[in-house]
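Geometric and topological summary
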Amino acid sequence: MIAFALTANSCGEEEEEPTPSEDQYSEYRNLKGNVSGVNIHVIETKTDTYEILDESALEGFTDDEIIDLIQSGNAPTIEETYTYSEGVQGTMVYMYNFDDWDKYGASISKDSCVERVITDEQGIARFEFDEEWFDGLLTDYVFVAYDDNKKAALPATITLNLGKVADANVYTTGEKATGAKYSKLFKTYAVQKVESEGQLTLPWLRDNASSYFSITIPENTVSWYVQMTCNAATERSGLAIAADLANILDKRVGLVMSAVDKIATPDGTEACDFYVFNEENFHRWQNGESASSLSVHKGYKSGIYQNYTDVAPGKYYLVFHNPNWSKVYVNYDLAIQVEE
């Protein structure tokens, strides 16, 4: 698995939710003896706005005049809005018998749960089950998280399957839970290079400051990575994310976010904004329609973008916006982690 975090607390009496500690985010637990699992991805939907240059109000202005307006802070702008999702770290997920939840619903007491797990740095609560769970016990369970107001999110109902791990999404912002998708319990992983040393040119504000590139995700992808630097010069940055990931990969454990974060990326010099879209919302954005992005990143100069959640096969797009009044060059390197 990628990373594991399981609390030792069982559900007995009602108590305050514990404050997350370092040992609750252990990167790997011994799977020996476990025959089933459930990964609950706890997600919240957010809305972000940013200002872009209102080109329609600048018709007739020269480039020098536009630069003066930008530098003085008097350039006319309009707002664009994007909706995106993020994993929620440090949130407790409660597991209830299906019959108990069916009887009491959202009014059920937390002390009625049969297990609880706190989400890790990726926003995933990872439940593990040994053979005793299949010894005449129920296999249908409900998994619930709570929002900041202690209100239960819409639950995910999952049937435990021997030798399988179920993945499902639970939203703290009111959306219906999605999943579950089942996969083999015991896995091995590999790193595949997608593209090396790509480069994207971002025009300055006056000349349509947005541009993009895409990554195609195949079947069995469990995470994907984009290493980037944003610079004023065209020189390549010598990125090699696939080789760097292969050096830290444990084929049984997979890539752990905290280990990936330690990979060095050359410094960038220019701050850009970028948005991550699935294919449907990318085309909506292209057509000037309202679009929901998977994530939003502001003032980005260099680093590694990691995605462990949006791994359905298909194309994903990184759309860049250049807030500067000179060209910016984005160097990028693409790699994926797959289940063998």
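Residues numbered from 1 in each chain as written. Predicted model: local features only at pLDDT ≥ 70, side-chain atom pairs only at ≥ 80, totals over all residues. Heavy atoms only, no water.

Looking only at helices and strands, one finds five helices and 17 strands in the protein. Counting all 340 residues of the protein, 48% fall into the buried class. The contacts of the protein with a sequence gap of at least 6 include a subset with a gap of at least 24, amounting to 77%. Of the roughly 16,200 Å² of accessible surface on the protein, 44% is carried by carbon and sulfur atoms. (Helix = DSSP H or I, 4+ residues; strand = E, 2+ residues; numbered from the N terminus. Buried < 20%, exposed > 50% of the residue type's maximum accessible area, 1.4 Å probe, protein only. Contact = heavy atoms within 4.5 Å. Areas by Shrake-Rupley, 256 points an atom, 1.4 Å probe, with all protein chains shown as cover.)

What follows covers the pattern of salt bridges. Considering all chains together, one arrives at six salt bridges under this definition. The closest approach of N and O atoms between lysine 251 and glutamate 340, which form a salt bridge, is 2.9 Å. One end of the pair, lysine 251, is in the loop between helix H3 (241-248) and helix H4 (257-260); the other, glutamate 340, is in the segment after strand E17 (328-339), and 89 residues separate them in sequence. Here the residues in one salt-bridge network are Glu44, Lys46 and Glu86, joined through shared partners. (Salt bridge = Lys/Arg side-chain N within 4 Å of Asp/Glu carboxyl O.)

What follows deals with the sheet that holds strand E14 (residues 295-300). Across the sheet, which stays open at both edges, the four strands sit in the order E11-E16-E13-E14 with antiparallel pairing between neighbours. A single partner strand is all that each edge strand has here, and the edge strands are strand E11 (210-217) and E14. Taking each pair of neighbouring strands and ignoring which way they run, the sheet shows an average axis angle of 20 degrees. In the sheet, strand E13 (residues 272-278) pairs with E14 via four bridges, with the strands oriented antiparallel. Note that in E14 the partner of cysteine 272 across the bridge is tyrosine 300. Packing of helix H5 (residues 279-286) onto the sheet brings it into contact with E11, E13 and strand E16 (314-321), and relative to E13 it is tilted by some 125 degrees. (Pairing = 2+ DSSP bridges. Axes fitted to C-alpha atoms, helices over the stretch in contact; angles between N-to-C directions.)

A full pass over the atoms with the stated rule returns 19 aromatic pairs. Ring centres of tyrosine 212 and phenylalanine 282 lie 4.7 Å apart, and the angle between their planes is 65 degrees; this geometry places the pair in the edge-to-face category. A residue pair is termed long-range when its members are at least 10 positions apart, and tyrosine 212 in strand E11 and phenylalanine 282 in helix H5 qualify at 70 residues. Overall, the relative accessible area of 35% leaves tyrosine 212 in the partly exposed class. Plain terms: the ring middles of tyrosine 212 and tyrosine 317 are 6.0 Å apart, the flat faces sit at 65 degrees to each other, and that makes the pair edge-to-face. (Phe/Tyr/Trp six-rings, centres within 6.5 Å; stacked < 30°, edge-to-face > 60°.)

On to the environment of aspartate 102. Along the chain, aspartate 102 falls in helix H2 (residues 98-104). By relative accessible area, which is 59% here, aspartate 102 ends up exposed. Residues aspartate 102 and valine 142, 40 residues apart in the sequence, show an inter-C-alpha distance of 9.1 Å.

Take the state of the cysteines next. Applying the stated criterion to the full structure yields zero disulfides. Not part of a disulfide, cysteine 230 finds its nearest cysteine sulfur in cysteine 272, a span of 4.1 Å. Classification of cysteine 230 as buried rests on a relative accessible area of 0%. (Disulfide = S-S within 2.5 Å.)

Once that is clear, we can look at the pairing of E13. With six of its seven residues buried, E13 lies for the most part within the structure. One ladder, built from six bridges, connects E13 with E16; its direction is antiparallel. Pairing of phenylalanine 274 across the sheet is with phenylalanine 320, part of E16.

This part is about the pairing of strand E12 (residues 221-231). Within E12, 11 of the 11 residues are buried, which leaves the element mostly enclosed by the surrounding structure. Two strands pair when backbone bridges link them, and E12 and E17 are joined in this way by 10 bridges, in the antiparallel orientation. Along E17, the bridge assignment pairs glutamine 227 with aspartate 333. With six bridges connecting them, E12 and strand E15 (residues 302-307) associate as antiparallel partners. What sits directly across from glutamine 227, in E15, is isoleucine 304.

One recurring pattern in soluble globular proteins is that nonpolar side chains are buried together. Among the nonpolar cores identified, the biggest contains 26 residues, and Phe213, Trp224, Val226, Met228, Phe274, Leu318 and Phe320 are the most heavily contacted of them. For this core, the secondary-structure elements that each account for two or more residues are strand E10 (189-202), E11, E12, E13, E16 and E17. At six residues, E17 tops the list of elements feeding residues into this core. For tryptophan 224, the residues in contact, after removing those within four places along its chain, are Ile215, Ile217, Val276, Tyr305, Gln306, Asn307, Asp310, Val311, Tyr316, Leu318, Ala335 and Ile336. (Core = buried A, V, L, I, M, F, W, Y, C linked by side-chain atoms within 4.5 Å.)

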